[in-house]
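# Per-entry structural report
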Amino acid sequence: MVEKNLRADEVNGPSARPALGRLPPYNAGISASVARQISGKEDVICLGSNENPYGSSPSVGAALWGLIPSRYSDPMCASLRNAISDRLGVAADRIVCGNGSEELIAALCRAYLEPTDHVLTVSPCFGLHEIEPMAAGAQVIKVPMTENLDFDVQGLVAALANGPKILFISSPSNPVGQALCEQALLLITDAVRPGTIFVLDEAYAEFISIGAPDGLTNLKHRSDLHWVVLRTFSKAYGLAGLRVGYAITSNYGLARTIRATLTPFNVNAVAQTAAVAALRDTAWMIEATTRLRHDREVLADRLRRLGLRVIPSQANFLFIDLPMDAAPVAGVLLQKGIVVKPWMETGYTNFIRVTIGTAEQNERFAQELEGAVNLR
Ligand SMILES: *Cc1c(COP(=O)(O)O)cnc(C)c1O
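Residues numbered from 1 in each chain as written. Predicted model: local features only at pLDDT ≥ 70, side-chain atom pairs only at ≥ 80, totals over all residues. Heavy atoms only, no water.

In plain terms, the rule: UniProt positions are given in the numbering used here, feature names are shortened, and annotations may be inferred rather than shown by experiment.
Within an unreviewed UniProt entry, the label attached to the chain reads Histidinol-phosphate aminotransferase, and the organism entered is Shinella curvata. The chain has a UniProt comment under Subunit (unreviewed entry) that states "Homodimer." Database annotation for the chain, UniProt heading Cofactor (unreviewed entry): "pyridoxal 5'-phosphate".

Given below as C-alpha coordinates:
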(Lines give C-alpha, C1' and ligand atoms only; values in the text may rest on other atoms or scores of the structure.)
Protein backbone atom coordinates (compact mmCIF):
# COMPACT_ATOMS: atom_id res chain seq x y z
CA MET A 1 0.00 0.00 0.00
CA VAL A 2 1.34 3.44 -0.88
CA GLU A 3 0.37 6.05 1.66
CA LYS A 4 -0.42 9.61 0.71
CA ASN A 5 1.74 11.54 3.12
CA LEU A 6 5.50 11.83 2.75
CA ARG A 7 7.70 12.00 5.82
CA ALA A 8 10.37 14.70 5.69
CA ASP A 9 13.14 12.06 5.58
CA GLU A 10 11.56 10.41 2.55
CA VAL A 11 12.00 13.50 0.40
CA ASN A 12 15.62 12.83 -0.42
CA GLY A 13 15.53 12.05 -4.15
CA PRO A 14 16.90 14.54 -6.65
CA SER A 15 13.54 15.69 -7.95
CA ALA A 16 10.95 15.88 -5.14
CA ARG A 17 10.23 19.45 -4.03
CA PRO A 18 11.15 20.13 -0.40
CA ALA A 19 7.71 21.65 0.23
CA LEU A 20 6.25 18.13 0.03
CA GLY A 21 8.12 17.03 3.14
CA ARG A 22 6.64 19.85 5.22
CA LEU A 23 2.96 19.11 4.58
CA PRO A 24 0.68 18.44 7.53
CA PRO A 25 -0.98 15.03 7.09
CA TYR A 26 -4.52 14.97 5.71
CA ASN A 27 -6.66 13.00 8.13
CA ALA A 28 -8.77 11.04 5.64
CA GLY A 29 -10.52 9.08 8.37
CA ILE A 30 -11.24 5.39 8.91
CA SER A 31 -13.18 3.28 6.40
CA ALA A 32 -15.99 0.88 7.31
CA SER A 33 -13.82 -2.16 6.56
CA VAL A 34 -10.99 -0.96 8.80
CA ALA A 35 -13.55 -0.15 11.51
CA ARG A 36 -14.94 -3.70 11.23
CA GLN A 37 -11.45 -5.15 11.59
CA ILE A 38 -10.59 -3.05 14.63
CA SER A 39 -13.92 -3.39 16.45
CA GLY A 40 -14.65 -6.98 15.42
CA LYS A 41 -18.26 -5.82 14.85
CA GLU A 42 -20.24 -6.30 11.66
CA ASP A 43 -22.60 -3.31 11.99
CA VAL A 44 -20.22 -0.37 12.25
CA ILE A 45 -21.50 3.20 12.10
CA CYS A 46 -19.44 5.59 9.99
CA LEU A 47 -19.85 9.13 11.32
CA GLY A 48 -16.35 10.33 10.49
CA SER A 49 -16.53 11.72 6.94
CA ASN A 50 -19.79 13.67 6.64
CA GLU A 51 -21.28 11.24 4.14
CA ASN A 52 -25.02 10.95 3.58
CA PRO A 53 -26.47 8.08 5.67
CA TYR A 54 -29.40 7.78 3.26
CA GLY A 55 -27.21 7.04 0.24
CA SER A 56 -28.20 8.85 -2.94
CA SER A 57 -31.29 9.34 -5.11
CA PRO A 58 -32.60 6.09 -6.66
CA SER A 59 -32.57 7.87 -10.02
CA VAL A 60 -28.76 7.83 -9.93
CA GLY A 61 -28.57 4.05 -10.27
CA ALA A 62 -31.17 4.08 -13.04
CA ALA A 63 -29.26 6.73 -15.02
CA LEU A 64 -26.06 4.69 -15.00
CA TRP A 65 -27.57 1.67 -16.79
CA GLY A 66 -27.05 2.93 -20.32
CA LEU A 67 -23.50 4.12 -19.80
CA ILE A 68 -20.85 2.98 -22.31
CA PRO A 69 -17.55 2.58 -20.42
CA SER A 70 -15.45 2.30 -23.58
CA ARG A 71 -16.13 5.95 -24.46
CA TYR A 72 -14.17 8.82 -22.94
CA SER A 73 -16.08 11.13 -20.68
CA ASP A 74 -17.08 14.60 -21.93
CA PRO A 75 -14.03 16.83 -21.26
CA MET A 76 -16.34 19.88 -21.21
CA CYS A 77 -18.80 18.31 -18.72
CA ALA A 78 -21.41 20.06 -20.87
CA SER A 79 -24.59 18.37 -19.58
CA LEU A 80 -23.56 18.75 -15.98
CA ARG A 81 -22.44 22.36 -16.30
CA ASN A 82 -25.68 23.24 -18.13
CA ALA A 83 -27.73 21.55 -15.41
CA ILE A 84 -25.85 23.47 -12.69
CA SER A 85 -26.16 26.69 -14.69
CA ASP A 86 -29.96 26.26 -14.95
CA ARG A 87 -30.26 25.48 -11.27
CA LEU A 88 -28.11 28.35 -9.99
CA GLY A 89 -28.71 31.01 -12.62
CA VAL A 90 -25.00 31.44 -13.40
CA ALA A 91 -23.68 31.19 -16.98
CA ALA A 92 -22.18 27.77 -17.76
CA ASP A 93 -18.90 29.37 -18.85
CA ARG A 94 -18.33 30.46 -15.24
CA ILE A 95 -18.62 26.86 -13.96
CA VAL A 96 -15.76 24.33 -13.77
CA CYS A 97 -16.29 20.70 -12.72
CA GLY A 98 -13.73 18.71 -10.77
CA ASN A 99 -12.93 15.20 -9.61
CA GLY A 100 -14.39 16.22 -6.27
CA SER A 101 -14.18 19.83 -5.15
CA GLU A 102 -10.86 18.90 -3.57
CA GLU A 103 -9.40 18.74 -7.08
CA LEU A 104 -10.52 22.33 -7.61
CA ILE A 105 -8.80 23.45 -4.39
CA ALA A 106 -5.58 21.91 -5.71
CA ALA A 107 -6.15 23.43 -9.17
CA LEU A 108 -6.62 26.92 -7.73
CA CYS A 109 -3.35 26.60 -5.82
CA ARG A 110 -1.51 25.26 -8.84
CA ALA A 111 -2.92 28.03 -11.02
CA TYR A 112 -2.30 31.02 -8.82
CA LEU A 113 0.33 30.45 -6.13
CA GLU A 114 4.03 31.25 -6.28
CA PRO A 115 6.41 30.45 -3.41
CA THR A 116 6.47 34.17 -2.55
CA ASP A 117 2.69 34.25 -2.04
CA HIS A 118 0.73 33.74 1.14
CA VAL A 119 -2.73 32.33 1.67
CA LEU A 120 -5.16 33.30 4.40
CA THR A 121 -7.53 30.90 6.12
CA VAL A 122 -8.94 30.24 9.59
CA SER A 123 -8.22 27.74 12.33
CA PRO A 124 -9.59 25.21 12.83
CA CYS A 125 -9.78 24.73 9.09
CA PHE A 126 -10.54 22.13 6.43
CA GLY A 127 -7.20 20.33 5.99
CA LEU A 128 -6.84 20.89 2.27
CA HIS A 129 -7.17 24.66 2.62
CA GLU A 130 -3.77 24.49 4.31
CA ILE A 131 -2.15 21.47 2.63
CA GLU A 132 -2.71 22.44 -1.01
CA PRO A 133 -1.30 25.99 -0.68
CA MET A 134 1.73 24.53 1.14
CA ALA A 135 2.17 21.90 -1.58
CA ALA A 136 2.33 24.78 -4.05
CA GLY A 137 5.11 26.29 -1.92
CA ALA A 138 3.11 29.18 -0.47
CA GLN A 139 2.88 30.22 3.16
CA VAL A 140 -0.41 29.82 5.08
CA ILE A 141 -1.59 32.33 7.68
CA LYS A 142 -4.49 31.25 9.91
CA VAL A 143 -6.83 33.55 11.82
CA PRO A 144 -8.20 31.59 14.80
CA MET A 145 -11.96 31.46 15.28
CA THR A 146 -13.29 33.44 18.26
CA GLU A 147 -13.84 31.87 21.67
CA ASN A 148 -17.42 30.97 20.66
CA LEU A 149 -15.93 29.35 17.57
CA ASP A 150 -17.44 31.94 15.29
CA PHE A 151 -15.56 33.65 12.45
CA ASP A 152 -13.25 36.43 13.65
CA VAL A 153 -14.43 38.87 11.01
CA GLN A 154 -12.34 41.78 12.31
CA GLY A 155 -9.25 39.57 12.37
CA LEU A 156 -9.90 38.42 8.82
CA VAL A 157 -10.48 41.97 7.62
CA ALA A 158 -7.18 43.08 9.20
CA ALA A 159 -5.27 40.16 7.69
CA LEU A 160 -6.75 40.79 4.25
CA ALA A 161 -4.93 44.14 4.26
CA ASN A 162 -1.65 42.20 3.89
CA GLY A 163 -2.75 41.04 0.44
CA PRO A 164 -3.00 37.24 0.55
CA LYS A 165 -3.20 35.70 -2.93
CA ILE A 166 -6.08 33.47 -1.85
CA LEU A 167 -8.53 33.57 1.07
CA PHE A 168 -10.01 30.12 1.80
CA ILE A 169 -13.09 29.99 4.02
CA SER A 170 -15.50 27.11 4.36
CA SER A 171 -19.01 28.24 5.26
CA PRO A 172 -20.70 26.40 6.87
CA SER A 173 -17.30 25.78 8.40
CA ASN A 174 -15.76 22.35 8.37
CA PRO A 175 -15.10 21.39 11.18
CA VAL A 176 -16.99 23.96 13.29
CA GLY A 177 -20.37 24.02 11.52
CA GLN A 178 -21.13 27.73 11.80
CA ALA A 179 -21.86 29.77 8.68
CA LEU A 180 -20.95 33.35 7.79
CA CYS A 181 -23.96 35.62 8.20
CA GLU A 182 -24.79 38.08 5.44
CA GLN A 183 -23.21 41.00 7.27
CA ALA A 184 -19.96 39.12 7.99
CA LEU A 185 -19.76 38.12 4.35
CA LEU A 186 -20.22 41.73 3.33
CA LEU A 187 -17.47 42.96 5.66
CA ILE A 188 -15.10 40.34 4.29
CA THR A 189 -15.88 41.02 0.63
CA ASP A 190 -15.39 44.75 1.28
CA ALA A 191 -11.88 43.98 2.53
CA VAL A 192 -10.89 41.68 -0.36
CA ARG A 193 -8.39 43.56 -2.51
CA PRO A 194 -8.06 43.24 -6.29
CA GLY A 195 -5.01 40.94 -5.98
CA THR A 196 -6.84 38.45 -3.74
CA ILE A 197 -9.12 35.59 -4.79
CA PHE A 198 -11.85 34.87 -2.23
CA VAL A 199 -12.59 31.13 -2.25
CA LEU A 200 -15.81 30.34 -0.38
CA ASP A 201 -16.06 26.58 0.06
CA GLU A 202 -19.77 25.77 0.38
CA ALA A 203 -19.52 21.98 0.56
CA TYR A 204 -22.42 22.08 3.07
CA ALA A 205 -24.59 24.82 1.50
CA GLU A 206 -27.60 22.49 1.21
CA PHE A 207 -27.70 22.07 5.01
CA ILE A 208 -27.96 25.79 5.85
CA SER A 209 -31.12 26.62 7.82
CA ILE A 210 -34.18 27.37 5.72
CA GLY A 211 -34.44 31.09 5.06
CA ALA A 212 -30.76 31.90 5.60
CA PRO A 213 -29.17 32.85 2.28
CA ASP A 214 -26.12 30.90 1.17
CA GLY A 215 -22.92 32.68 0.15
CA LEU A 216 -23.42 32.14 -3.57
CA THR A 217 -26.73 34.00 -3.50
CA ASN A 218 -24.90 37.01 -2.11
CA LEU A 219 -21.84 36.74 -4.36
CA LYS A 220 -23.51 35.73 -7.62
CA HIS A 221 -23.84 39.25 -9.00
CA ARG A 222 -20.64 40.67 -7.54
CA SER A 223 -18.31 41.40 -10.45
CA ASP A 224 -16.29 43.90 -8.40
CA LEU A 225 -14.05 41.25 -6.81
CA HIS A 226 -12.49 37.90 -7.70
CA TRP A 227 -14.35 35.06 -6.03
CA VAL A 228 -14.86 31.33 -6.39
CA VAL A 229 -17.62 29.33 -4.70
CA LEU A 230 -16.97 25.58 -4.35
CA ARG A 231 -19.81 23.06 -4.15
CA THR A 232 -19.87 19.26 -4.15
CA PHE A 233 -22.09 16.25 -4.80
CA SER A 234 -20.35 14.35 -1.99
CA LYS A 235 -22.41 15.50 0.98
CA ALA A 236 -26.10 16.40 0.47
CA TYR A 237 -26.38 14.41 -2.79
CA GLY A 238 -24.62 11.36 -1.38
CA LEU A 239 -22.12 10.78 -4.21
CA ALA A 240 -18.84 10.95 -2.23
CA GLY A 241 -17.46 7.78 -3.81
CA LEU A 242 -17.89 9.08 -7.36
CA ARG A 243 -15.84 12.27 -6.86
CA VAL A 244 -17.62 15.22 -8.39
CA GLY A 245 -17.68 18.84 -7.37
CA TYR A 246 -17.74 22.23 -9.08
CA ALA A 247 -16.55 25.79 -8.89
CA ILE A 248 -18.64 28.84 -9.72
CA THR A 249 -16.42 31.82 -10.51
CA SER A 250 -16.88 35.58 -10.57
CA ASN A 251 -15.85 35.69 -14.23
CA TYR A 252 -15.00 33.61 -17.26
CA GLY A 253 -11.25 34.34 -16.99
CA LEU A 254 -11.00 32.69 -13.58
CA ALA A 255 -12.89 29.63 -14.83
CA ARG A 256 -10.58 29.40 -17.85
CA THR A 257 -7.47 29.59 -15.68
CA ILE A 258 -8.66 26.89 -13.26
CA ARG A 259 -9.71 24.64 -16.15
CA ALA A 260 -6.27 25.05 -17.78
CA THR A 261 -4.57 23.33 -14.84
CA LEU A 262 -6.81 20.23 -14.91
CA THR A 263 -6.33 17.03 -16.89
CA PRO A 264 -8.56 16.82 -20.01
CA PHE A 265 -10.93 14.05 -18.81
CA ASN A 266 -10.80 14.93 -15.12
CA VAL A 267 -14.42 14.00 -14.30
CA ASN A 268 -15.24 10.42 -15.28
CA ALA A 269 -18.38 9.46 -17.19
CA VAL A 270 -20.07 7.70 -14.26
CA ALA A 271 -19.63 10.76 -12.08
CA GLN A 272 -20.98 13.15 -14.71
CA THR A 273 -24.06 11.02 -15.43
CA ALA A 274 -24.75 10.41 -11.75
CA ALA A 275 -24.42 14.08 -10.85
CA VAL A 276 -26.89 15.18 -13.53
CA ALA A 277 -29.41 12.58 -12.30
CA ALA A 278 -28.86 13.57 -8.67
CA LEU A 279 -29.32 17.26 -9.45
CA ARG A 280 -32.62 16.55 -11.25
CA ASP A 281 -34.03 14.74 -8.21
CA THR A 282 -34.14 17.78 -5.94
CA ALA A 283 -37.01 16.26 -3.98
CA TRP A 284 -34.80 13.41 -2.74
CA MET A 285 -32.05 15.81 -1.67
CA ILE A 286 -34.49 18.13 0.13
CA GLU A 287 -36.05 15.22 1.98
CA ALA A 288 -32.66 13.88 3.12
CA THR A 289 -31.28 17.28 4.18
CA THR A 290 -34.52 18.23 5.96
CA ARG A 291 -34.37 15.04 8.00
CA LEU A 292 -30.66 15.50 8.75
CA ARG A 293 -31.16 19.10 9.85
CA HIS A 294 -33.90 18.01 12.22
CA ASP A 295 -31.85 15.11 13.60
CA ARG A 296 -28.85 17.42 13.99
CA GLU A 297 -30.83 19.57 16.43
CA VAL A 298 -32.16 16.50 18.27
CA LEU A 299 -28.61 15.18 18.76
CA ALA A 300 -27.22 18.60 19.72
CA ASP A 301 -29.93 18.97 22.42
CA ARG A 302 -29.32 15.45 23.66
CA LEU A 303 -25.57 16.10 24.04
CA ARG A 304 -26.09 19.49 25.65
CA ARG A 305 -28.34 17.86 28.23
CA LEU A 306 -25.35 15.65 29.08
CA GLY A 307 -23.49 18.84 29.89
CA LEU A 308 -21.35 18.92 26.76
CA ARG A 309 -20.59 22.08 24.83
CA VAL A 310 -21.84 21.61 21.26
CA ILE A 311 -21.14 24.33 18.71
CA PRO A 312 -24.25 25.50 16.78
CA SER A 313 -24.13 23.88 13.33
CA GLN A 314 -25.54 24.64 9.90
CA ALA A 315 -23.96 21.53 8.39
CA ASN A 316 -24.46 17.74 8.60
CA PHE A 317 -22.13 17.35 11.57
CA LEU A 318 -21.52 18.62 15.10
CA PHE A 319 -18.28 19.86 16.64
CA ILE A 320 -18.24 18.77 20.27
CA ASP A 321 -15.97 20.12 23.00
CA LEU A 322 -14.98 17.27 25.33
CA PRO A 323 -13.62 17.73 28.84
CA MET A 324 -10.55 15.69 27.77
CA ASP A 325 -8.32 14.86 24.83
CA ALA A 326 -10.56 13.63 21.98
CA ALA A 327 -8.31 11.00 20.39
CA PRO A 328 -8.64 8.38 23.17
CA VAL A 329 -12.41 8.94 23.24
CA ALA A 330 -12.56 8.32 19.50
CA GLY A 331 -10.51 5.17 20.14
CA VAL A 332 -13.07 3.90 22.67
CA LEU A 333 -15.92 4.65 20.25
CA LEU A 334 -14.09 2.80 17.48
CA GLN A 335 -13.85 -0.28 19.68
CA LYS A 336 -17.67 -0.07 19.89
CA GLY A 337 -17.89 0.14 16.09
CA ILE A 338 -18.50 3.89 15.80
CA VAL A 339 -16.22 6.03 13.64
CA VAL A 340 -15.96 9.76 14.45
CA LYS A 341 -13.23 12.29 13.76
CA PRO A 342 -11.12 13.54 16.68
CA TRP A 343 -9.74 16.93 15.62
CA MET A 344 -5.93 17.01 15.37
CA GLU A 345 -5.24 20.72 14.88
CA THR A 346 -3.29 22.48 17.64
CA GLY A 347 -5.67 24.15 20.10
CA TYR A 348 -8.65 21.98 19.11
CA THR A 349 -7.58 18.48 20.15
CA ASN A 350 -10.40 18.30 22.73
CA PHE A 351 -12.98 18.36 19.95
CA ILE A 352 -14.58 15.56 18.03
CA ARG A 353 -16.53 16.07 14.84
CA VAL A 354 -19.44 13.70 14.37
CA THR A 355 -21.51 13.35 11.21
CA ILE A 356 -25.30 13.27 11.57
CA GLY A 357 -26.46 9.75 10.74
CA THR A 358 -29.90 8.17 10.96
CA ALA A 359 -31.83 8.81 14.18
CA GLU A 360 -30.90 5.33 15.48
CA GLN A 361 -27.20 5.83 14.67
CA ASN A 362 -27.18 9.20 16.42
CA GLU A 363 -28.77 7.70 19.52
CA ARG A 364 -26.25 4.86 19.60
CA PHE A 365 -23.44 7.39 19.25
CA ALA A 366 -24.84 9.53 22.10
CA GLN A 367 -25.12 6.52 24.39
CA GLU A 368 -21.60 5.31 23.68
CA LEU A 369 -20.17 8.81 24.01
CA GLU A 370 -21.89 9.15 27.36
CA GLY A 371 -20.08 6.02 28.51
CA ALA A 372 -16.75 6.90 26.93
CA VAL A 373 -16.62 10.36 28.49
CA ASN A 374 -17.93 8.89 31.72
CA LEU A 375 -20.92 11.18 32.09
CA ARG A 376 -23.21 8.49 33.40
C1 LIG B 1 -15.97 17.35 2.11
C2 LIG B 1 -15.40 18.66 1.79
C3 LIG B 1 -14.84 18.93 0.55
C4 LIG B 1 -14.50 17.84 -0.42
O5 LIG B 1 -15.48 17.53 -1.24
P6 LIG B 1 -15.24 16.56 -2.46
O7 LIG B 1 -16.11 17.16 -3.49
O8 LIG B 1 -15.66 15.22 -1.98
O9 LIG B 1 -13.79 16.60 -2.86
C10 LIG B 1 -14.42 20.22 0.26
N11 LIG B 1 -14.50 21.18 1.19
C12 LIG B 1 -14.99 20.96 2.40
C13 LIG B 1 -15.04 22.06 3.38
C14 LIG B 1 -15.44 19.69 2.75
O15 LIG B 1 -15.88 19.45 3.99
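### Here we look at the pattern of salt bridges
Inclusion rule: Each salt bridge in this description consists of a side-chain nitrogen of Lys or Arg and a carboxyl oxygen of Asp or Glu lying within 4 Å of one another. Strands here are runs of E lasting at least two residues and helices are runs of H or I lasting at least four, both read from the DSSP assignment and numbered beginning at the N terminus. The buried label goes to any residue with under 20% of its type's maximum accessible area, the exposed label to any with over 50%, and the partly exposed label to all in between, with areas taken from a 1.4 Å probe on protein chains only.
Summed over all chains, the structure comprises 15 salt bridges. Where Asp214 meets Arg231, a salt bridge forms, and the shortest distance between an N and an O atom there is 3.5 Å. Here Asp214, found in the loop between β6 (197-201) and α8 (215-219), pairs with Arg231, found in strand β7 (residues 226-232); they are 17 residues apart in sequence, far enough to count as distant. Looking at Arg231, the relative accessible area reads 6%, which means it is buried.

### A look at the packing of aromatic side chains
For the record, the criterion: Only Phe, Tyr and Trp rings are paired, with Trp represented by its six-membered ring, and only when their centres lie within 6.5 Å; those with planes under 30 degrees apart are stacked, over 60 edge-to-face, the remainder tilted. Only when the NZ of Lys or the CZ of Arg is both within 6 Å of the ring centre and within 35 degrees of the ring normal is a charge said to sit over the ring.
Within this structure, the stated rule accounts for eight aromatic pairs. Relative to Trp343, the ring of Phe319 lies with its centre 6.1 Å away and its plane at 90 degrees, an arrangement referred to as edge-to-face. Remark: Trp343 occurs in the loop between β12 (341-342) and β13 (351-355) and Phe319 occurs in strand β10 (residues 317-321); sequence separation between them is 24 residues. Here the two residues Phe319 and Trp343 agree in accessibility, since each one is buried. Over the ring of Tyr26 we find Lys341, and its NZ or CZ is 5.7 Å from the ring centre. Arg353 extends its terminal NZ or CZ atom over the ring of Phe317, reaching a point 5.7 Å from the ring centre.

### What to know about the UniProt feature "modified residue: N6-(pyridoxal phosphate)lysine" (unreviewed entry) in the chain
Quick note on the threshold: The contact rule is simple, with two residues in contact once any of their heavy atoms fall within 4.5 Å. In protein, a polar contact means a hydrogen-donor-capable atom and an acceptor-capable atom, both N or O and within 3.5 Å, with residues adjacent in sequence counting only if both atoms are side-chain atoms; elsewhere, any N or O pair within 3.5 Å suffices.
The sites that UniProt annotates as "modified residue: N6-(pyridoxal phosphate)lysine" (unreviewed entry) are Lys235. With respect to the helices and strands, Lys235 occurs in the loop between β7 and β8 (245-249). Ignoring anything within four residues of it in the chain, the contact list for Lys235 reads Ser49, Asn50, Asn52, Ala203, Tyr204 and Phe207. A distance of 3.1 Å separates the side chain of Lys235 from the side chain of Tyr204, its partner in a polar contact.

### With respect to the site of the ligand
In plain terms, the rule: Any residue with a heavy atom lying within 4 Å of a molecule or strand is counted as near it. Computed by Shrake-Rupley with a 1.4 Å probe, the accessible areas treat only the displayed protein chains as cover when residues are assessed. Basically, the charged four are Asp, Glu, Lys and Arg, the nonpolar ten are Ala, Val, Leu, Ile, Met, Phe, Trp, Tyr, Cys and Pro, and anything else, Gly included, counts as polar.
For the ligand, the set of nearby residues contains 13 residues, the closest of which are Asp201, Tyr204, Thr232, Ser234 and Lys235. Between a nitrogen atom of the ligand and a side-chain N or O atom of Asp201, the distance comes to 2.6 Å. Taking Lys235, its side chain carries an N or O atom lying 3.2 Å from an oxygen atom of the ligand. When the free accessible area of the ligand is taken as 390 Å², the share hidden by the protein chains comes to 94%. Residue composition of the shell around the ligand, by class: three nonpolar, six polar and four charged.

### Notes on the nonpolar core
Filter applied, for reference: Among the buried residues, those of types Ala, Val, Leu, Ile, Met, Phe, Trp, Tyr and Cys that are joined through side-chain atoms within 4.5 Å form a nonpolar core. Boundary definitions for the domains trace back to an automatic or database domain assignment.
Of all hydrophobic cores here, the largest spans 88 residues; its most connected members are Ile188, Phe198, Leu303, Ile320, Phe365 and Leu369. In this structure, this core is formed jointly by two domains, domain 1 (8-55 + 283-372) and domain 2 (58-281), each of which donates at least three residues. Not counting residues within four places of it along the chain, the set of residues in contact with Phe365 comprises Leu47, Leu299, Leu303, Ile320, Leu333, Ile338, Val340, Ile352 and Val354. Counting residues in hydrophobic clusters, the runner-up holds 25 residues, among them Leu113, Ile131, Ala138 and Phe168.

### Digging into the pairing of β8
For clarity, the threshold we go by: For two strands to be treated as a pair, DSSP must find at least two bridges joining them.
Along β8, five of the five residues are buried, which leaves the element largely enclosed by surrounding structure. Alternating residues of β8 divide into Gly245, Ala247 and Thr249 and Tyr246 and Ile248, and every residue in both groups is buried. With four bridges joining them, strand β2 (residues 95-98) and β8 adopt antiparallel strand pairing. By the bridge assignment for β8, Ile95 is matched with Ile248. By the bridge criterion, five bridges tie β7 to β8 in an arrangement that is antiparallel. Its bridge partner being in β8, Leu230 is matched across the sheet by Ala247.

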